[in-house]
Amino acid sequence: MHAMPKKHAFFLLAVLALGVPQAAADPARIVAAGGVVTETIHALGEANRLVGVDSTSLYPADALQRLPNIGYVRALSAEGVLSLRPDLVLAIDGAGPPDVLALIRQSGIPVQLLTEEPSEAGVLARIRTIGAIVGQKAAADSLADRIAGDFARLAQDRARISRHKRVLFVLSMQNGRVMVAGRNSSAAAMIGLAGGINAVDTLEGFKPVSDEGIIAAAPDVIVMMQRGDHAVAAADLFAHPAFRLTPAAADRALITMDGLYLLGFGPRTAEAARDLMSRLYSSTTRPRAEAVPRP
Amino acid sequence: MNGDVVRSILESGQSGSGRTGLVAFLRTALYRRSMIWAALGSAMLAGLFVLSLFKGAVALPAGSLFNLLGGLIGDGNLPDTREALILANIRLPRTLLAMLVGAALAVSGAILQGLFRNPLADPGLIGVSAGAALAAGITIVFGETLLAPAFGRMPYAILPLGAFLGGLGSTLVLYRIATRAGRTSIATMMLAGVALGALSGAMSGFLAYLSDDRQLRDLTFWALGSFSGASWTKLAAVAPAMVAILVVAPFLARGLDALALGEAEAYHLGLPVQRVKAAAILITAVAVGTSVAVAGMIGFVGLVVPHVLRLLLGASHRLLLPFSAMGGAVLLLGADIVARLVVAPAELPIGILTAAIGAPFFLWLLLRRQARPFE
């Protein structure tokens, strides 16, 4: 930016469009906003470029302990982000608020947004985009190709499934009020990848469902995010009057998996889908001890 | 009834012009006390203003900030450095916005408590927060889909504009409901306000049901308020209306003092009761509507600041309105500084802090004054 005219200089700073700053050629200080961004940068071996992550960056598990926390991805602080002296803010599409992102851009720091689409294509696109940004194009391509291969094998295995199970993803059970995954949710996409049928297709996104809605959905298997003890979760779940009447209750079919692993649609997506598939279609759905790969 | 109020009304009523009342007032102990508090409040506000410019997630050396400010005041020129950008684009508009919103909310609270003669009156009673919340909820849940084509390339403007128009619109509806034959019934307005609030609460609940988990978090954060997106653009959009309101509000003081005696009594004192009511409602609706539009819902400021000041200075609106502006600015600016610093580089929603800072102080004042309870 050039010298400002004398009067109202600081006002003009804000009002004039200064143009969207372009991403630095080789950003050395990146702030990641979105768990999937943090995870992908780690997967590409470029974690040393990170100077801050948002509160949804739960993988690798120590990311938030090692790096400053910039808060929830939708409630960022402009000065907070700038205080980390980034040369690039790499964020998921939904990061915000938008006026905070605008302030960061006005201060000359480029903000690059990434698609959040929960799909095979979305996973590969995110890896390739981030790879190009951090100068790891070759590594990103080979990682993406490997994951694409995993997805292809997953598709072959899906085609061999004779009876697709009805799977219900339960996000939460507060006070007996059950939130499940409907159509067009990340959980529905994951269930599809793993060869299941999302049991609730009448709702959109994550929604509360009635007890009779659960019974009508007739899930063969329930999937939940891992919180605490699996046995306790199963006991709670199948004590619920509605879940007790589902086919899942008969063989106590509950699968618990780490939330970001299952729904993050990062580099571990194919692995997570494979994991879910094998647990859906093994003779037993008891959890394996190493359900969540730890770094 | 507070003796100061009665005295000031009687004096201004007798003199016919209010001038004699003012002269008498200047000789009172209350005047001396209020001057002490004015000096104290100004000092606090000035201190917080400087602190707010000098402290933030980015550690900037004070010396260079002094130089920048000197340059800014001297010839309006700023170098193109990171420090200058943070000071001029982030901290300065944010500081000014926090002060203005705090002043506007506290003055609104004082006016409404006077108008409704109810210590618990807040903007909810005139429908403005309910309407703003509903409109904001609609823009949060549908802004990215249904409303986006209509606004095209101005997505940031949808929420503030929606909140402002929603707040003003619902106040207008409420005013029409409560006004019969040119006379606004305060009691009807209060009851209708409760009903309208419940209705918009129901619709907001339905929006929460429709929202995805992310929009739900947006709704929650919005309801706690924040200045994190403060910019010159936002300030320029709301400052003219807010400044105008802060200038006009003190002229309501005599009317509100008279209304404290009762509507009939005020009428017999020669007060244009209906005009005072309409002006008070319009002023608070615009003040709260613009505040909510730029900062979301910030509770507690409008409720507690006037009460604290009543405990310190008595119930006369002549002092209460200007002091509320100052007190609101102090509370909100102080809260915003804490919000920015305490979890940096992240930040807390400011609604948490206004209550966390204001409530204990209010309780302490109540306990201290227990021997001489007000009202």
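Up top is the structure.
Residues numbered from 1 in each chain as written. Chains lettered and ligands numbered in written order. Predicted model: local features only at pLDDT ≥ 70, side-chain atom pairs only at ≥ 80, totals over all residues. Heavy atoms only, no water.

A word on the overall build of chain B
This is how the line gets drawn: Each helix is a run of H or I in the DSSP string that is no shorter than four residues. Each strand is a run of E no shorter than two, and both are numbered from the N terminus. Between two residues, a contact is recorded if the distance between any of their heavy atoms is within 4.5 Å. Only the protein chains shown count as cover for residues, with accessible areas throughout obtained via the Shrake-Rupley method and a probe of 1.4 Å.
Broken down by element type, chain B carries 17 helices and 2 strands. Sequence separation of 24 or more characterises 78% of the internal contacts of chain B that already satisfy a separation of 6 or more. For chain B, the exposed area adds up to about 16,400 Å²; of that, 70% sits on carbon and sulfur atoms.

Considerations on the environment of B:Ile283
Turning to its location among the elements, B:Ile283 is positioned in helix H14 (residues 273-295). Along the sequence, B:Ile283 and B:Leu161 sit 122 residues apart, while their C-alpha atoms lie 18 Å from each other.

Brief notes about the packing of helix H6 (residues 120-133) of chain A against helix H7 (residues 137-159) of chain A
Residues and elements named next belong to chain A. Convention followed: What counts as an axis is a line fitted to C-alpha atoms, over the stretch in contact for a helix, and the angles between N-to-C directions run from 0 to 180 degrees. If an angle is under 35 degrees, it is roughly parallel; if it is over 145, roughly antiparallel; if it lies from 65 to 115, roughly perpendicular; otherwise it is oblique. Residues are grouped as follows: Ala, Val, Leu, Ile, Met, Phe, Trp, Tyr, Cys and Pro are nonpolar; Asp, Glu, Lys and Arg are charged; every other residue, Gly included, is polar.
Where H6 meets H7, the axes come as close as 8 Å, and the angle between the chain directions of the two elements is 170°. Considered as vectors, H6 and H7 are oriented roughly antiparallel to each other. On H7, the residues touching Glu120, Val123, Leu124, Ile127, Arg128 and Gly131 of H6 are Lys137, Ala140, Asp141, Leu143, Ala144, Asp145, Ile147, Ala148, Phe151 and Arg158. By residue class, the composition of the contact of H6 with H7 is 9 nonpolar, 1 polar and 6 charged.

Focus on the packing of aromatic side chains
Heads up, the condition is: Ring pairs are drawn from Phe, Tyr and Trp, using the six-membered ring of Trp, whenever the two centres fall within 6.5 Å, and their geometry is named by plane angle: stacked under 30 degrees, edge-to-face over 60, tilted for the rest. Buried, partly exposed and exposed residues are distinguished by accessible area as a fraction of the type maximum, computed with a 1.4 Å probe on protein chains only: under 20%, between the cut-offs, and over 50%, respectively. Two thresholds decide whether a charge sits over a ring: the Lys NZ or Arg CZ must be within 6 Å of the ring centre and within 35 degrees of the ring normal.
Per the counting criterion, the structure on display carries 5 aromatic pairs over all chains. Between B:Phe361 and B:Trp364 the ring centres are 5.9 Å apart and the planes differ by 25°, which places this aromatic pair in the stacked class. Within this pair, B:Phe361 and its partner B:Trp364 are both found in helix H17 (residues 350-368), separated by 3 residues, close to a single helical turn. You can call B:Phe361 partly exposed: its relative accessible area is 39%. For B:Trp364, a relative accessible area of 46% puts it in the partly exposed group. In this structure, A:Lys207 is placed above the aromatic ring of B:Tyr209, and the distance from its NZ or CZ to the ring centre is 5.7 Å. Between the NZ or CZ atom of B:Arg217 and the centre of the ring of A:Tyr72, over which it lies, the distance is 3.7 Å.

Some points on a nonpolar patch on the surface
Residue and element names in this part refer to chain B. The criterion, for reference: Patch membership needs two things, relative accessible area over 30% and no salt bridge, and members are linked within 9 Å if like-charged or within 5 Å if nonpolar (Val, Leu, Ile, Met, Phe, Trp, Tyr). Within this document, salt bridges are pairs made up of a side-chain nitrogen of Lys or Arg and a carboxyl oxygen of Asp or Glu, the two lying within 4 Å of each other.
On the surface, Val243, Val247, Val248 and Phe251 cluster together to form a nonpolar patch covering roughly 410 Å² of accessible area. With respect to the helices and strands, the residue valine 243 is situated in helix H11 (residues 232-248). Overall, valine 243 belongs to the partly exposed group, its relative accessible area being 42%.

Notes on the pattern of salt bridges
Between side chains of opposite charge, a pair can form when the charged atoms approach closely. Residue and element names in this part refer to chain A. Per the stated rule, a full pass over the model turns up 23 salt bridges over all chains. The salt bridge partner of arginine 158 is glutamate 120, with a shortest N-O separation of 4.0 Å. Of this pair, arginine 158 sits in helix H7 while glutamate 120 sits in helix H6, placing them 38 residues apart in sequence. Look at glutamate 120 and you get partly exposed, because its relative accessible area is 29%. A salt bridge links lysine 137 to aspartate 141; the shortest N-O distance between them is 3.6 Å.

Topic: the environment of B:Lys55
Residues and elements named next belong to chain B. For lysine 55, the location among the structural elements is in the loop between helix H3 (29-54) and helix H4 (62-75). Residue lysine 55 is classed as partly exposed on the basis of its relative accessible area, which comes to 43%. Excluding residues within four positions of it along the chain, lysine 55 makes contact with Arg91, Arg340 and Leu341.

Structural notes on the interface of chain B and chain A
This is how the line gets drawn: As a working definition, buried area equals the accessible area (1.4 Å probe) given up by two parts on being put together, with both sides summed. Throughout this description, a polar contact denotes any pair of N or O atoms lying within 3.5 Å of each other; where both atoms belong to protein, one of them has to be capable of donating a hydrogen while the other can accept it, and for residues adjacent in sequence the pair is counted only when both atoms sit in side chains.
Each partner contributes residues to the interface: chain B has 40 residues there, and chain A has 40 residues. For the pair chain B and chain A, the two sides together bury roughly 3,500 Å², of which 59% comes from carbon and sulfur. Along the contact surface separating chain B from chain A lie 4 salt bridges. Linking A:Glu79 and B:Arg91 is a salt bridge whose minimum nitrogen-to-oxygen distance equals 2.4 Å. Taken together, the links from chain B to chain A amount to 8 residue pairs in polar contact (both at pLDDT 80 or more). Here the side of chain B that touches chain A gets 8 residues from one element, more than from any other, and that element is helix H5 (residues 82-116) of chain B. Taken together, the residues of the side of chain B that touches chain A break down into 19 nonpolar, 9 polar and 12 charged.

Description of the nonpolar core
Across soluble globular proteins, nonpolar side chains show a tendency to be buried alongside one another. As a reminder of what qualifies: Here, the term nonpolar core denotes a set of buried Ala, Val, Leu, Ile, Met, Phe, Trp, Tyr and Cys residues that are joined through side-chain atoms within 4.5 Å.
Ranked by internal contacts, the top residues of the largest apolar core, which has 199 residues, are A:Phe169 and A:Ile222. Top element by residues in this core is H5(B). It accounts for 21 residues. Those residues within four positions of A:Ile222 in sequence are excluded, and the remaining contacts are A:Leu168, A:Val170, A:Leu237, A:Phe238, A:Phe243, A:Ala248, A:Ala253, A:Leu254 and A:Ile255.

Thoughts on the sheet that holds strand S1 (residues 30-33) of chain A
Residue and element names in this part refer to chain A. Rule in force here: In short, DSSP must find at least two bridges between two strands for them to pair.
The strand order across the open sheet formed by 4 strands is S2-S1-S3-S4, and the pairing between neighbours is parallel. The open sheet terminates on both sides in strands that have one partner only, identified here as strand S2 (50-53) and strand S4 (111-114). Averaged over neighbouring strand pairs, the angle between their axes works out to 20° when direction is ignored. By the bridge criterion, 4 bridges tie S1 to strand S3 (residues 88-92) in an arrangement that is parallel. In the strand pairing of S3, isoleucine 30 is matched with leucine 88. Along the sheet face, helix H2 (residues 35-43) touches S1, S2, S3 and S4 and points at about 120° away from the line of S3.

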